[in-house]
Amino acid sequence: MAARLLRLHGHGAARQFLLQYSTTAVATTCDPTHFLMNYLVDSLGFSKEEAITTNTKVTRLKPTENPQLVLNFFEQSGLDKTHIGKIVSAVPKLLLCDVDKTLKPKLDILHDLGLCGSDLVKVITASMSILKNTEVSDMKSCVSYLRKILGSDENVMKAVKKKPCLLSVKGCERLRTNMLFFQSIGFSDEDIKKFIVQNPYALLASPESVEDKVDRLKKDFNISQGSGMFIHGVAVLISMKEATVDTKFGVFRDYGWSKWDIIKLVQLLPYCLRLSQERLRAALNFYMGELGLKPAYLASHPTLLMFSMKKRVLPRLELMRSLVEKKLYDEDYNLYTVLLPSDPKFYQVYVLPYKDMIPDLCELYNKIQQHGKAKK
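The numbering scheme is per chain: residues are counted from 1 as the chain's sequence reads. Thresholds applied to this predicted model are a pLDDT of at least 70 for local features of residues and 80 or more for the giving and counting of side-chain atom pairs; totals over whole chains, interfaces and linings are not thresholded and use all residues. Only heavy atoms go into the side-chain values, all of them from the structure, while hydrogens and water stay out.

**Student:** Go over the overall build of the protein, please, and point to the residues and values.
**Tutor:** By the criteria applied, helices consist of DSSP H or I runs no shorter than four residues and strands consist of E runs no shorter than two, each listed in order from the N terminus. A count of helical and extended segments in the protein gives 24 helices and 0 strands. Each residue is assigned to one of three classes by its accessible area relative to the maximum for its type, calculated with a 1.4 Å probe on protein chains only: buried under 20%, partly exposed between the two thresholds, exposed over 50%. For the protein, buried positions account for 43% of its 376 residues. Working definition of accessibility: Shrake-Rupley area with a 1.4 Å probe, residue cover restricted to the visible protein chains. Of the roughly 20400 Å² of accessible surface on the protein, a fraction of 51% belongs to carbon and sulfur atoms.

Here's what the structure looks like:
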């Protein structure tokens, strides 16, 4: 019949007939599409709608060969159903990859770095191009380069977890370019290594943007390269859009801060600029509105703005109020010295010495702590 069809209507009709015949003649359990739909729903917990969407993303690219090979490989690689579900949902195109030529060699590289479980999933889902588009040889070259400049697989893993695109050719090229720039302005190899591990995004920004932000840090905020905060200021400014920085400045100006107050704050602790507008306003409302602190004081004690109001500031001040009411502490205590210590140090200094005088003080402290955590 196929030969007759070929004579009458050509190759197109013959192919269509044979395709229809094969799909009806072969049991549905052998159909890769049928298998994928069942696997997504029965094994990975996808809803029917989610399974259809994912299946469509795969099959519209090219005929599905056999996603079971990819799924089996993920299971054999130590990923559980939850991990596989996240990967398939985020990057369905991976089901089209060749296991032996593409997936296995690349996962072996990631495993060698120590990536596994949820960390491995985050890296895969954060940058689809790593497993799908980057050549194995290029990926190996990137890992070798990162090992050379970071000194250990542990550091490479930390950096890659934050920015998986470090394993791409483009990422490595941009890293090299920005490293040369930072070396030219006096950053040591150790500074750059810490920078890459802690703030890899800063060295993956466009070289033009990096140079502009560094220039602004010097001119607008008068932070010299010799300052211990210079590297942190670079990291903060590079990670933020100009408009976002200006918006944060606007918040401070709304509360009466001068240009010099803002500059002082950034010089001492540039990370304050990363606080959300909501959190920044809440802190300023409390410190300035309720406690009456002035911009100059907050600018010279910027750590106060970083503390959690619900988990640290309010619980500690509530406990201090109890000590003041019992005449065990002067009401003009130093706010900064109360809020600065770690929880264990605070407990040692402000709770233990008074626990016999106020029998329920420890209980009050624990209650306040739990209340703060519940509000998180």
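Let us keep going from here.
**Student:** With reference to specific residues and values, describe the side chain of Asp261.
**Tutor:** You can see Asp261 is positioned in helix H17 (residues 259-268). The charged side chain of Asp261 is buried without a salt bridge, its nearest counter-charge being Lys264 at 9.4 Å. It only takes one pair of heavy atoms within 4.5 Å for two residues to be counted as in contact. Those residues in contact with Asp261, other than ones at most four positions away along the chain, are Pro295, Ala296 and Ala299. A residue counts as positive if it is Lys or Arg and as negative if it is Asp or Glu; His and the chain ends are not included. Salt-bridge detection follows one rule: a side-chain nitrogen of Lys or Arg within 4 Å of a carboxyl oxygen of Asp or Glu.

**Student:** Give a detailed account of the packing of aromatic side chains, specifying residues and quantitative values.
**Tutor:** Only rings of Phe, Tyr and Trp enter the pairing, Trp through its six-membered ring, and a pair is recorded when the two centres are within 6.5 Å. The plane angle decides the type: under 30 degrees is stacked, over 60 is edge-to-face, the rest tilted. Considering all chains together, one arrives at 13 aromatic pairs under this definition. For the ring pair Tyr329 and Tyr333, a centre distance of 6.5 Å and an interplane angle of 80 degrees mean the geometry is edge-to-face. Among the aromatic residues, ring-to-ring pairing joins Phe181, Phe182, Phe187, Phe195 and Phe230 into one connected group. Lying over the aromatic face of Tyr145, Arg176 brings its terminal NZ or CZ to 4.1 Å of the ring centre. Two conditions define a charge sitting above a ring: the NZ of Lys or the CZ of Arg must be within 6 Å of the ring centre, and it must be within 35 degrees of the ring normal.

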